[in-house]
Amino acid sequence: GESVGLHLPTLSVQEGDNSIINCAYSNSASDYFIWYKQESGKGPQFIIDIRSNMDKRQGQRVTVLLNKTVKHLSLQIAATQPGDSAVYFCAETGYTGTASKLTFGTGTRLQVTL
Amino acid sequence: DAGVTQSPTHLIKTRGQHVTLRCSPISGHKSVSWYQQVLGQGPQFIFQYYEKEERGRGNFPDRFSARQFPNYSSELNVNALLLGDSALYLCASSLRDSTNQPQHFGDGTRLSIL
């Protein structure tokens with residue numbers, strides 16, 4: 001399939017290790033954040049979300065941390081597997097006029113080595 | 001349950017032509033948004049439609065238009081195609097139009113302009 005991002009920052013992790021993907025967001029008024037996973041040739045897949053009244057949320061093998069003071073998000077993936085290889089985007093929500101929209105970060109390519 | 005479906009999956013057009021892309025949201029979702037993803041970048045917001053009305057648009061020219069039908073499906077139309085319109089066009093649906101609703105994406109239409 002066609003590559004999603006040819007020149008994105010890349011994180012290489014060994015299978016079984018934990019992965020941490022970081023993201024800076026721009027709008028201090030954003031109150032809802034989502035992490036997406038995008039595999040080659042596919043659309044972004046929802047992984048986990050967090051609201052601004054929380055600083056941590058856990059899912060299955062994934063944890064999102066939110067630091068509003070420095071406008072920073074991170075996605076932690078436990079026991080990384082080959083199927084986790086993909087491009088990961090954080091997205092913040094906001095408004096354009098009356099439209100709610102997502103603003104995406106630049107993305108990070110996660111490569112899982114065996 | 002079916003996710004967001006988009007058609008066609010791939011399309012090749014020449015400069016100056018017109019294109020129509022189609023999207024069916026997740027059942028029960030009333031909001032549909034369109035995004036453009038250029039290779040190597042995150043998706044960029046084009047439009048949001050909710051209850052058949054345009055709620056807002058991103059920084060895209062008037063050559064881009066869309067509509068939403070009574071069954072909440074949507075069409076994106078692009079006139080006078082330019083080489084720079086080559087991209088992956090993504091449709092996302094959500095239950096409502098608020099900023100704290102997760103948006104779920106289809107796998108997109110890959111548009112190539114020759």
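Preceding this section is the structure that the text describes.
Basis of the calculations
- Residues numbered from 1 in each chain as written.
- Chains lettered and ligands numbered in written order.
- Predicted model: local features only at pLDDT ≥ 70, side-chain atom pairs only at ≥ 80, totals over all residues.
- Heavy atoms only, no water.
- Contact = heavy atoms within 4.5 Å.
- Polar contact = N/O pair within 3.5 Å; in protein donor to acceptor, adjacent residues only side chain to side chain.
- Helix = DSSP H or I, 4+ residues; strand = E, 2+ residues; numbered from the N terminus.
- Nonpolar A, V, L, I, M, F, W, Y, C, P; charged D, E, K, R; others polar.
- Phe/Tyr/Trp six-rings, centres within 6.5 Å; stacked < 30°, edge-to-face > 60°.
- Buried < 20%, exposed > 50% of the residue type's maximum accessible area, 1.4 Å probe, protein only.
- Pairing = 2+ DSSP bridges.

### Some remarks on the interface of chain A and chain B
Each partner contributes residues to the interface: chain A has 29 residues there, and chain B has 27 residues. Here chain A and chain B share eight residue pairs in polar contact (both at pLDDT 80 or more) between them. Of all the secondary-structure elements, those providing two or more residues to the side of chain A that touches chain B are β3 (32–38), β4 (45–51), β8 (86–96) and β9 (99–104) of chain A. The residue makeup of the side of chain A that touches chain B, split by class, is 13 nonpolar, 11 polar and five charged.

### Thoughts on the packing of aromatic side chains
As enumerated under the stated definition, the model contains 12 aromatic pairs over all chains in all. Aromatic pair Tyr35(B) and Phe105(B): ring centres 5.4 Å apart, planes at 55 degrees, arrangement tilted. Of this pair, Tyr35(B) sits in strand β4 (residues 31–37) while Phe105(B) sits in strand β10 (residues 104–105), placing them 70 residues apart in sequence. We classify Phe105(B) as buried; its relative accessible area is 10%. One aromatic cluster is present, built from ring pairs that chain together Tyr36(A), Phe46(A), Phe89(A), Phe104(A), Tyr35(B), Phe45(B) and Phe105(B).

### Things to note about the pairing of strand β3 (residues 19–24) of chain B
Residue and element names in this part refer to chain B. Two strands pair when backbone bridges link them, and strand β1 (residues 5–7) and β3 are joined in this way by three bridges, in the antiparallel orientation. The residue bridging glutamine 6 from the neighbouring strand is cysteine 23, located in β3. Across five bridges, the pairing between β3 and strand β8 (residues 74–78) is antiparallel. Looking across to β8, one finds that arginine 22 is bridged to glutamate 75.

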